[in-house]
Amino acid sequence: MIVLKTKRELTLMRDACRVSAGALKVAGEAVKPGVTTLEIDRIAYEFIIAHGAEPAFLNYGGFPATACISINDEVIHGIPSKERVIKEGDLVSIDLGAKLHGYVGDNAATFAAGRISPEAQRLSDTTRKSLYEGIRAAVPGGRIGDIGAAIERYCTERGFSVVRDYTGHGVGAELHEDPSVPNFGTPGRGVRLLPGMTIAIEPMINQGVEEVKRLSDGWTVKTRDGKLSAHFEHTVAITADGPKILTAL
Ligand code: MG
């Protein structure tokens, strides 16, 4: 069931999203060679708590941390650890959410640790830009397939592949709501986009093959061929005036 939000609810949700965006910013600024992923998780946790919100991922489905931190060939759902030290040249994807006033904001971004390879930079830039291509397509009267098609076209034209096993999603009082928002699709197909819908658009884009595998820790998802992956996400409201990025700072 798709839950449409009123203007008042969108205002409350914007507050949760602003905390999520702030936490992602400080976590991203902490990405440096020599820092552990657990230290980054702690920074995100402290920020969310200091702003009166709750980490939306912590204990969600049993996830043990505030942020998912996924490095290089890890696509999503990496578990922060004191053993995991970030190295020069790593591509570090951070995904986190905050809950405030009963609403969740969800966002993600990929950060560079020191100097990364030109190809890693191109993957990251393409993934980030594809998110905005998808957002631009999130207009009332459009369809879910318009969003995925825009992302897919942008990335495949540049030689990258789109992860199909995981998708974006509706978000609101719950972290995951209907509809699902694939990063691929056919224009004009799928659920009709209506004002008041709030969705997390989150391209997960691979350097090599689109196939992924889940590790035995039950969470971490990696590329099947060991090549790089990048991930960017915003929580977006569809309004009569067009898409509004709720997780903008
Ligand atoms: Mg999400």
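Structure first, text after, so check above.
Being a predicted model, the structure only gives us computed values, none of them experimental.

On to the packing of aromatic side chains, then. In total, this model carries one aromatic pair according to the counting rule given. Pairing phenylalanine 63 with tryptophan 219 gives two aromatic rings, centres 5.0 Å apart and planes at 80 degrees, and the pair type is edge-to-face. Note that phenylalanine 63 is positioned in the loop between β1 (54-55) and β2 (67-71) and tryptophan 219 in the loop between β11 (212-214) and β12 (221-223), a separation of 156 residues in sequence. Overall, the relative accessible area of 2% leaves phenylalanine 63 in the buried class. The class of tryptophan 219 is partly exposed, set by a relative accessible area of 21%.

Take the pairing of strand β5 (residues 103-112) next. Two faces belong to every sheet, and in a regular strand the side chains alternate between them. Of all ten residues that make up β5, eight are buried, and the element is covered over most of its length. Pairing between strand β4 (residues 91-100) and β5: ten bridges, direction antiparallel. Bridge pairing in β5 places leucine 96 opposite asparagine 107. Linking two consecutive strands that pair antiparallel, namely β4 and β5, is a turn of two residues; a positive phi of about 55 degrees is found at histidine 101 within it.

What follows concerns the sheet that holds strand β8 (residues 177-181). Taken in spatial order, the five strands line up as β8-β7-β9-β14-β15 in an open sheet, and their pairing is antiparallel. Each edge of the sheet is formed by a strand with only one pairing partner; in this case those strands are β8 and β15 (242-245). The sheet shows a mean angle of 30 degrees between the axes of neighbouring strands, direction not considered. One ladder, built from two bridges, connects strand β7 (residues 168-170) with strand β9 (residues 198-201); its direction is antiparallel. By the bridge assignment for β9, glycine 170 is matched with isoleucine 199. Along the sheet face, helix α3 (residues 118-136) touches β9, β14 (234-239) and β15 and points at about 20 degrees away from the line of β14. Along the sheet, helix α4 (residues 144-156) makes contact with β8 and β9, crossing β8 at roughly 40 degrees.

This paragraph deals with unusual backbone geometry. Backbone torsion omega between aspartate 178 and proline 179 reads 0 degrees, so that peptide bond is classified as cis. With respect to the helices and strands, proline 179 occurs in strand β8. Of note, the phi angle at asparagine 72 is positive, near 55 degrees, even though the residue is not glycine. Counting through the fold element by element, asparagine 72 comes out in the loop between β2 and β3 (74-76). A positive phi angle, near 55 degrees, is found at histidine 101, a position not held by glycine. Mapped onto the elements, histidine 101 comes out in the loop between β4 and β5. For histidine 101, a relative accessible area of 43% translates into the label partly exposed.

Conventions and cut-offs
Residues numbered from 1 in each chain as written. Predicted model: local features only at pLDDT ≥ 70, side-chain atom pairs only at ≥ 80, totals over all residues. Heavy atoms only, no water. Phe/Tyr/Trp six-rings, centres within 6.5 Å; stacked < 30°, edge-to-face > 60°. Helix = DSSP H or I, 4+ residues; strand = E, 2+ residues; numbered from the N terminus. Buried < 20%, exposed > 50% of the residue type's maximum accessible area, 1.4 Å probe, protein only. Pairing = 2+ DSSP bridges. Axes fitted to C-alpha atoms, helices over the stretch in contact; angles between N-to-C directions. Contact = heavy atoms within 4.5 Å.

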